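Residue-level listing of the chains:
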Amino acid sequence: MIQTSADENEWQLGWRIVLACAVANGTGIALLFYCFSLFLIPMSADLGLTRTETGIVQSLIITAVLGAPVIGRMTDLFGFRPVFVACTVILVCNGLLLGFWVSGFWSLALSVALAGFVGGGASSVTLTQPINAHFHHFRGRALGLVGIGVSLTTIIVPPFLQLVIAENWRWGYLALAGLSGLVGLPAVLLLLPRNIGLRGIKRGQPGLPGDWSFLRVRDFWLLSLANMVAGMATGGAVSQLAPMVIEHGLSPAIGALGLSSFAAGQFIGKLGGGWLLDRFDPRQMAVLMTIIPSMGFLVFTQADPGITWLVLVACGMIGALSGADIDIYAYFVARRFGLAHYGSVFGALHGIGWIGTAAGITLFSTIFARTGSYGPAQYLAIGLLLIAATLLAPVSIPRRTGANSKNPLLDDALVAESQASQFP
């Protein structure tokens, strides 16, 4: 495909948008989620929590089911910047509470529930909006680059965070809060142009579907259910990843390396996934990227205890989908539903996805508590990922007609708009 000057000019301003969003993504709520398993053993011992209780606490992240649609809608109404800043400040304060105040089950549960509710404001729910608003030809790759922010920090941070947690697990929460408040927030304030990510909805704009009409669209539910089912597998694995590695007779230090390997898989999934979505049939690539992690779970079930390299490879394969999922769903929503109500649609999809994540967290911890092994949960994850791939296959993606247009973003929205007029 011949690239136009408009395509190439996407990066003249776009690199600042990508860098700001990537740094914010790498130091925000996603990093806490991926590193939370490092806290499980020392925190449980100090607070007197059972593995089942910590699983219940982790599952309270399900408050994102309510928070993500609200935050997505607020992003449509007020723009990216005010929503991101407000939610990040709240999350930093919550991190300080985790470090100084948490003393038992209920205070920990309250902190996790709050993080889940507002976390969408410092995650892909908001951070993909400026990317989709600016990029068209390189949209998949730009989304992938934003995603690698958290992949890089999840590669680098866990080994150092493990050393901090070994001294005092509370210091670990303070360190994560410092990264978000002192690195991620300033990156957005200083790098992101102020005219990017402004209010998306123009009241009275003709022809666009109503705010919640996407709930009647088959493709929204195919995407949402695929995201939810896949989230049960990957979310459950992430929440117990370090203990899963340790179960194979490896040390806590190798457990931290397992998180880094997971993040390396994310890195490959995000960059490779974004490139594949731009170059080939998005549905076929989405199915492929959903199936690959199932092979990682299969390796986990078959690997002999003590084989470090094979377990780390399995962690990386599981990370591949967790890396590509933002590419897939943010890309599909922007192409299928347009940009005017992007926050509302993606926020709702993201919230439904958290139902699967919370269910996966509970399933993995409960199965381990009852059987003393993660094996049954890993076999279940393989089946769930195959179901998710099946759900993605029939999603319809409008043809991208704006490659040579003076206004490709408008073309993209108009194609989705014309299909929306045919919704029952």
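Conventions adopted
- Residues numbered from 1 in each chain as written.
- Predicted model: local features only at pLDDT ≥ 70, side-chain atom pairs only at ≥ 80, totals over all residues.
- Heavy atoms only, no water.
- Patch = residues over 30% accessible without salt bridge, like charges linked within 9 Å, V, L, I, M, F, W, Y side chains within 5 Å.
- Areas by Shrake-Rupley, 256 points an atom, 1.4 Å probe, with all protein chains shown as cover.
- Salt bridge = Lys/Arg side-chain N within 4 Å of Asp/Glu carboxyl O.
- Helix = DSSP H or I, 4+ residues; strand = E, 2+ residues; numbered from the N terminus.
- Buried < 20%, exposed > 50% of the residue type's maximum accessible area, 1.4 Å probe, protein only.
- pLDDT = per-residue confidence, 0-100.
- Contact = heavy atoms within 4.5 Å.
- Core = buried A, V, L, I, M, F, W, Y, C linked by side-chain atoms within 4.5 Å.
- Phe/Tyr/Trp six-rings, centres within 6.5 Å; stacked < 30°, edge-to-face > 60°.
- Lys NZ or Arg CZ within 6 Å of the ring centre and 35° of its normal.

## Digging into a nonpolar patch on the surface
- A surface patch of nonpolar side chains, amounting to about 470 Å² of accessible area, comprises Leu66, Val70, Met74, Phe78 and Phe117.
- For the nonpolar patch, the leading source of residues is helix H4 (residues 64-78), giving four residues.
- Within the fold, Met74 resides in helix H4.

## Some points on the environment of Leu257
- Structurally, Leu257 can be placed in helix H12 (residues 252-279).
- According to the relative accessible area criterion, Leu257 is partly exposed, its value standing at 41%.
- Expressed as a C-alpha distance, the spacing of Leu257 and Ile155, which sit 102 residues apart in the sequence, is 8.1 Å.

## Some details on the confidence of the model for the protein
- Residues with a pLDDT of 70 or more make up 86% of the protein, whose mean pLDDT is 79.
- A low-confidence stretch, residues 200-210 stays under pLDDT 50, and its non-local contacts, those more than four residues away or across chains, total 16 contacts.
- Predicted confidence is poor over residues 402-424, with pLDDT under 50, and the contacts of this stretch with residues over four places away or in other chains come to 41 contacts.

## A few points about the nonpolar core
- Formed by 115 residues in total, the largest nonpolar core has its most connected members in Leu108, Phe220, Phe297 and Phe332.
- Once residues lying within four places of it in the same chain are set aside, the contact partners of Phe332 are Leu223, Leu277, Pro282, Arg283, Ala286, Phe337, Val395 and Ile397.
- By size, the runner-up hydrophobic cluster in this structure holds five residues, among which are Ala68, Ile71, Cys87 and Val125.

## Describing the packing of aromatic side chains
- For the structure shown, the criterion picks out 13 aromatic pairs.
- Their ring planes at 55 degrees and their centres at 5.9 Å tell us that Trp11 and Phe138 sit as a pair that is tilted. Placement of the pair is Trp11 in helix H1 (residues 5-26) and Phe138 in the loop between helix H7 (124-134) and helix H8 (139-167), with a sequence separation of 127 residues.
- Look at Trp11 and you get partly exposed, because its relative accessible area is 27%.
- Plain terms: the ring middles of Phe39 and Tyr173 are 4.1 Å apart, the flat faces sit at 10 degrees to each other, and that makes the pair stacked. Taken together, the positions of Phe39 in helix H2 (residues 29-47) and Tyr173 in helix H9 (residues 169-191) put the pair 134 residues apart, joining distant regions of the chain. For the pair Phe39 and Tyr173, one class covers both residues: buried.
- An aromatic cluster of at least three residues, connected via ring pairs, comprises Phe36, Phe39, Trp169 and Tyr173.
- Taking the ring centre of Phe337 as reference, the NZ or CZ of Arg336 above it sits at 5.6 Å.

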